[in-house]
Each structure stands twice: as C-alpha cells, then as structure tokens.
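# Understanding the architecture of this molecule
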Amino acid sequence: MQTDEPLSRWHGVLSTRDESALPDLIAADAVFRSPAVFQPAVGRDAVVGYLTAAMRVLGSDAFSYHREWRNETGAILEFTTELDGREVHGVDMIEWNDDGLIQRFDVMVRPQSALTKVIEHMAAELARMLAG
C-alpha cells in the first residue's frame, strides 16, 4: 500500500475535523499508544475514541503539521499546537495495513509541562465522552 492515499485521507479528516469519518480510517484491530495513557488502546472503537478526544483537545486553529517522513507503510508527522498557553510539540507515528487503514498510531509529546496539560485535558474529554 502506498502511503499517499491513506495519509491524504488522514489530513482530510483533520482539516475538516470530521470525527464521523474516523471509523472508516481505522483497522478493526488497530492499536493507539500515547504518553498520556499507560496501556495501549486496542480495537477500532477504542482508537476512534482516543483520536476523537485528541482532535477535540489538540485540534485548535493552532494545530499544524510541519514536517513528515514517509515509507511504504506509514508516516511520521511532526506537529505543534497550543494548549492553555503552552506550546505542545509532538509527533504522530502512523502505520497502515494493506487495505490502507490505520493499524498503529503512536503519539509522542514534549515538553513535560505540555504533556501534563494534554493528560489533564484528555482525561476530562474522555470522561465527558463516556458520560455522554
């Protein structure tokens, strides 16, 4: 699978902030890893939940990807955004399966103070989503 089409679909969902399109991008057995959670999230529903929360928490107008590195099965995307007055700097490491669906999504965030805010906001958003 070439990276261009799945990566283009990912960028499309982010640019429109269309949360409803996320399930169509995610493999049934996908895995999401983040420094904000101890255990990886496994399965489409769990991964969609975390990505939806992340889009809500980090997807402000300040969010942008700056650089990307690609290979045949995935990409690493460097991003920045702002959260509570702190610059959040990170990378999304995304791998696709043969069907062009996201199989693995790993997030790295720095600095520590920004990560602390991300964890706080993600926990609140996930709790709100589960309550609703």
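Above this text sits the structure in question.
Residues numbered from 1 in each chain as written. Predicted model: local features only at pLDDT ≥ 70, side-chain atom pairs only at ≥ 80, totals over all residues. Heavy atoms only, no water.

## Comments concerning the overall build of the protein
Keep this limit in mind: In this description a helix means any DSSP run of H or I spanning at least four residues, a strand means any run of E spanning at least two, and both kinds are numbered starting from the N terminus. Our radius of gyration looks at C-alpha atoms and nothing else; its globule reference is 2.2 Å times the residue count to the power 0.38. Only protein chains enter the accessibility calculation, which uses a 1.4 Å probe; a residue whose area is less than 20% of its type maximum is buried, one above 50% is exposed, and one in between is partly exposed. The contact criterion used is simple: two residues touch if any of their non-hydrogen atoms lie within 4.5 Å. A residue counts as positive if it is Lys or Arg and as negative if it is Asp or Glu; His and the chain ends are not included. Note on charges: their place is set at NZ of Lys, CZ of Arg, CG of Asp or CD of Glu.
Within the protein, the secondary structure is distributed over three helices and six strands. Mapped in sequence order, the helices and strands of the protein form the string α-β-β-α-β-β-β-β-α. Since a compact globule built from 132 residues should have a radius of gyration of about 14 Å, the 14 Å found for the protein is in line with a globular shape. Within the span of the protein, comprising 132 residues, buried residues form 42% of the whole. Counted over contacts in the protein with a minimum sequence separation of 6, partners at least 24 positions apart contribute 49%. Averaging the coordinates of the 12 positive side-chain charges in the protein and doing the same for the 21 negative ones gives two points 5 Å apart.

## Quick look at the packing of aromatic side chains
Geometry of an aromatic ring pair is reported as the spacing of the ring centres plus the angle between the planes. Stated precisely, the cut-off is as follows: Centre distance within 6.5 Å is the pairing criterion for rings of Phe, Tyr and Trp, where only the six-membered ring of Trp is used; planes under 30 degrees apart are then read as stacked, over 60 as edge-to-face, and the remainder as tilted.
What the rule picks out here adds up to six aromatic pairs. Measuring from ring centre to ring centre gives 5.3 Å for Phe63 and Phe79, while their planes differ by 25°; the resulting arrangement is stacked. With Phe63 in the loop between helix 2 (44–58) and strand 3 (64–71) and Phe79 in strand 4 (residues 74–83), this pair connects stretches of sequence that are 16 residues apart. One aromatic cluster in this structure is built from Trp10, Phe32, Tyr50 and Phe105.

## Here's the deal with the layout of surface pockets
Defined as follows: Here a cavity is any set of points on a 1 Å grid over the protein atoms alone where a 1.4 Å probe fits but cannot get out, and a pocket is any open set with protein on both sides within 12 Å along at least 5 of 7 lines; a residue lines the site when it has an atom within 4 Å of a point. Grid points are joined across faces, edges and corners, and a volume is the space filled by probe spheres set on the points. Amino acid classes used here: Ala, Val, Leu, Ile, Met, Phe, Trp, Tyr, Cys and Pro are nonpolar; Asp, Glu, Lys and Arg are charged; the rest, including Gly, are polar.
Here the largest pocket is characterised by a volume of approximately 430 Å³. Surrounding the largest pocket, 29 residues form its lining, Leu51, Ala54, Met55, Leu58 and Phe63 being those nearest its centre. Going through the elements one at a time, helix 1 (4–16), helix 2, strand 6 (102–110) and helix 3 (112–131) are the ones with two or more residues in the lining of the largest pocket. Looking at the lining of the largest pocket element by element, the count peaks at six residues for helix 3. Its residues assigned to classes, the lining of the largest pocket shows 23 nonpolar, four polar and two charged.

## Brief notes about the nonpolar core
To be explicit about the condition: To form a nonpolar core, buried Ala, Val, Leu, Ile, Met, Phe, Trp, Tyr and Cys residues must be joined to one another through side-chain atoms within 4.5 Å.
Trp10, Leu22, Ile26, Leu51, Ile102 and Phe105 are the most contacted members of the largest nonpolar core, which has 37 residues in total. Counting only elements with at least two residues in this core, the list comes to helix 1, strand 1 (26–33), helix 2, strand 4, strand 5 (86–96), strand 6 and helix 3. Of the residues forming this core, the biggest block, eight residues, is contributed by helix 2. For Trp10, the residues in contact, after removing those within four places along its chain, are Leu22, Leu25, Leu51, Tyr65, Leu77, Ile94, Ile102 and Phe105.

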